[in-house]
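These are the residues of each chain, in order.
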Amino acid sequence: MDVTAKTDFIGKDSPASSERPAIFTRPTAKTGIVSWLTTVDHKRIGLLYGISALFFFLVGGAEALLIRLQLAVPNNTLLSAHTYNEMFTMHATTMIFLAVMPLSAAFFNYIMPLQIGARDVAFPRLNGFAYWLFLAGAIILNVGWFIKSGVPDVGWFGYAPLTSKAFSNTFATDISTDLWVMGLQVLGVSSVIGSLNFIVTIFNLRAPGMTMMRLPVFTWMTLFTAFMIVLSFPAITIALVGLMMDRQFGANFFEVSSGGLPILWQHLFWVFGHPEVYILILPAMGIISEILPCFSRKPLFGYPIVVFSGAVIGTLGFGVWSHHMFTTGMGTVATAAFALATMTIAVPTGVKIFNWIGTIWGGQLHMRTPMMFALGFVWTFMIGGFSGVMHAAAPADAQQQDSYFVVAHFHYVLIGGSLFALLAGIHYWFPLIFGRKVSELWGKLSFWMIFIGFNVTFFPMHFLGLNGMPRRTFTYDGNMGWNSANLIATIGAIILGIGIAVYFSVMIYTYYRGQRVGRDPWQARTLEWALPNPPPEYNFAVIPTIHARDAYWYEKQHRAEIATENAEHGRAEQAHGGIHMPSQSWFPFFTAMSILAGSLFFADHNFKGAICAGVCIVVFAYLWAWEGPGGYHIHLDKDGNEIPENKGSHSAH
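Residues numbered from 1 in each chain as written. Predicted model: local features only at pLDDT ≥ 70, side-chain atom pairs only at ≥ 80, totals over all residues. Heavy atoms only, no water.

Peer 1: Which parts of the structure should I look at to understand the nonpolar core?
Peer 2: Generally speaking, nonpolar side chains in soluble globular proteins are found buried as a group. Grouped together as the largest cluster of nonpolar side chains are 172 residues, with contacts concentrated most on Trp-265, Phe-377 and Trp-429. Take this core: its biggest share by element is 20 residues, from helix α3 (residues 81-115). With 6 residues, the next largest nonpolar core counts Ala-541, Ile-579, Tyr-632 and Ile-634 among its residues. (Core = buried A, V, L, I, M, F, W, Y, C linked by side-chain atoms within 4.5 Å. Buried < 20%, exposed > 50% of the residue type's maximum accessible area, 1.4 Å probe, protein only. Helix = DSSP H or I, 4+ residues; strand = E, 2+ residues; numbered from the N terminus.)

So this is what it looks like as structure tokens:
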């Protein structure tokens, strides 16, 4: 396998010229703002997801810091009760939907196609549309900061009846909850579209020889996550549509005064909400399963078990939603069933942890910064897992429900688990994406600050919860015995915030001035590292043939055999005719922006504006369909370099 074979590409015009004529000329800008607005390149879209997610991660982190500052001392007046409610609502919504999920999507977009030897995702324009829809949803959720209504203050769970019209003047003022509903629906559509694209890509665009049991674990976790999104998001969509009907048209799905059922909201929400936990965690598990073998210089221990345990987690994740509702009075049988199911899901999770330990056991450990973050993930996730098993016991859960013990648990699982893995992934793939390597000194300094700050912040919350401090309270009396733990947690949050600031500063510095590195600086195992850094637009000059699991590691150990095989099978001939690439398009952007406008009008009860936006959506979608196939060819010379455009390397259509 030689994915950058120095092959003569014989230029040919794109076949698009003989196919259905395009109504509009497709944009061709390769630099500047237009190139980003119209891009269909999975790597650029991955970068857009990543930059957006990191921005919102900072926003959500600032909201969290304000929450902790408010609780640092008793009877604090830094925030009012209303503002505090807005903060914890937007903090959770932002971190889950605008930071962690899209940061995982950034890795899915950038890394997954490279790992399976694909040129791009299956539907490039749809991929761009998913990103612009995500951005539209993010804007809708945050537009409340800039208007009189403000942002919602109903919690990320949006329990009825807090979201009903009856409470609009007290809690969910004016249109803030309507914006929240519309924003989540748009984000849901974006996630489902992106997930379907990933599923089709993984099943259909794998390189020859890349069997399912040779897939990198990160790609496996991408696949499981995509299926979970497709299967779980319809539940929350149904709930949000019902809530929207209640608020906009006076329906009675959740309106208590009219016979609606608040408990129905909880069921629909948690049918989505608990799989969502694993939607956030499975990508992190995939990243860790790539980093630990790389820096242990060993294959992943028990690869099939790790893969199948991921499938089991994904399946069981749908069967435990009601453990969030033990205190709602579901009855003995239902409570016992969901308690057992919740305990069961600890088994495949524990299997993964044992496999990770087995991977590093006896390995030649290279304690680089990505490895440090990966081990930090294992530590924090184990602590969160232990307290999760405690929640599975219904009597214990009844005591811990809505206390700070729960806050400690899910931050160790969701933020400690996901955050450390995602930060590890950024460190790990940074040299591939930008061709520069982060300083080990500054990288490890940021790790220790984040690790110490995180544990100092959230570990005391276990004791706060056991001592009875309720969550979602904006202040407390000084005689409750919670003062010291709250002050320590706030100090930890400040350390954590400084650590995050150092991390981002180091990344920005590295992007401009960091040490340049060559190909494969980590001596990695998976296919993406076979590419130059940063990877070219077309990914692979010649689509590789895969001979084994850990494809690039195998290729490095068997270069002579693979070169002989390529020569015998005439691999170079396969590249003749050039590399066909998809054309850029304006319509994903225009269509998504029309949906943004329509959602804002609808939330503001401006139905005429919403209808006009709806007409625009239909028109742009129709023109998108008639845009034509497009596509152009890239030609390489005998040294593998792209021939300049003025010599006919690009044939845009």
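Peer 1: Explanation requested: the side chain of Ser-104 in the structure shown.
Peer 2: Looking at where Ser-104 falls in the secondary structure, it is placed in helix α3. For Ser-104, the contacting residues outside a window of four places in its chain are Pro-283 and Leu-422. (Contact = heavy atoms within 4.5 Å.)

Peer 1: Explain the packing of helix α14 (residues 440-466) against helix α15 (residues 483-513) to me, please; I cannot follow it from the model alone.
Peer 2: How two helices pack is summed up by the angle between their axes together with the distance between the axes. Where α14 meets α15, the axes come as close as 7 Å, and the angle between the chain directions of the two elements is 155°. In terms of their interaxial angle, α14 and α15 are classed as roughly antiparallel. As for the relative orientation of α14 and α15, their crossing is left-handed in sense. (Axes fitted to C-alpha atoms, helices over the stretch in contact; angles between N-to-C directions. Parallel < 35°, antiparallel > 145°, perpendicular 65-115°, else oblique. Left-handed = near helix turned anticlockwise from the far one by under 90°.)

Peer 1: Looking at this structure, how should I read helix α7 (residues 262-296)?
Peer 2: Counting along an α-helix, one turn takes 3.6 residues, and residues three or four places apart therefore face a common direction. Between its first and last C-alpha, α7 extends 51 Å over 35 residues, near the 51 Å set by a 1.5 Å rise per residue. Its axis deflected by about 30° at Trp-270, α7 carries its strongest bend there. Among the 35 residues of α7, 30 are classified as buried, and the element is accordingly described as predominantly covered. Following α7 by one or two positions, Arg-297 adopts a phi angle in the positive range, close to 55°. (Expected span 1.5 Å × (residues − 1). Bend = angle between axes of the 7 residues up to and from the residue.)

Peer 1: Would you mind going over the packing of helix α2 (residues 42-70) against α15 with me for this structure?
Peer 2: At their nearest, the axes of α2 and α15 sit 9 Å apart, and the two run at 160° to each other. Of the possible angle classes, the one that applies to α2 and α15 is roughly antiparallel. The handedness of the crossing between α2 and α15 is left-handed. Residue-level contacts link Leu-54, Phe-57, Leu-58, Leu-65, Arg-68 and Leu-69 of α2 to Asn-486, Ala-489, Thr-490, Ala-493, Ile-494, Ile-500 and Phe-504 of α15. Within the contact of α2 with α15, the residues separate by chemical class into 10 nonpolar, 2 polar and 1 charged. (Nonpolar A, V, L, I, M, F, W, Y, C, P; charged D, E, K, R; others polar.)

Peer 1: Quick question: what am I supposed to make of the packing of aromatic side chains here?
Peer 2: Counted by the stated rule, this structure contains 60 aromatic pairs. Ring plane angle 70° and centroid distance 5.9 Å describe the contact between Tyr-84 and Phe-88, whose orientation is recorded as edge-to-face. Note that Tyr-84 and Phe-88 are positioned in helix α3 at a spacing of 4 residues, about one turn of the helix. It is Arg-44 that lies over the ring of Trp-36; its NZ or CZ is 4.1 Å from the centre. When the ring centre of Trp-553 is taken as origin, the NZ or CZ atom of Arg-525, which lies over that ring, is 4.6 Å away. (Phe/Tyr/Trp six-rings, centres within 6.5 Å; stacked < 30°, edge-to-face > 60°. Lys NZ or Arg CZ within 6 Å of the ring centre and 35° of its normal.)

Peer 1: Any chance you could explain unusual backbone geometry here in plain terms?
Peer 2: What you tend to see is this: most non-glycine residues have negative phi, and most peptide bonds are trans. A cis amide bond, omega 10°, links Ala-160 with the succeeding residue Pro-161. Relative to the helices and strands, Pro-161 is located in the loop between α4 (124-142) and α5 (176-204). Geometrically, the link from Asn-533 to Pro-534 is a cis peptide bond, its omega value of -5° lying close to zero. Relative to the helices and strands, Pro-534 is located in the loop between β2 (515-516) and α16 (551-557). Unusually for a residue other than glycine, Asn-75 sits at a positive phi of about 55°. Relative to the assigned elements, Asn-75 resides in the loop between α2 and α3.

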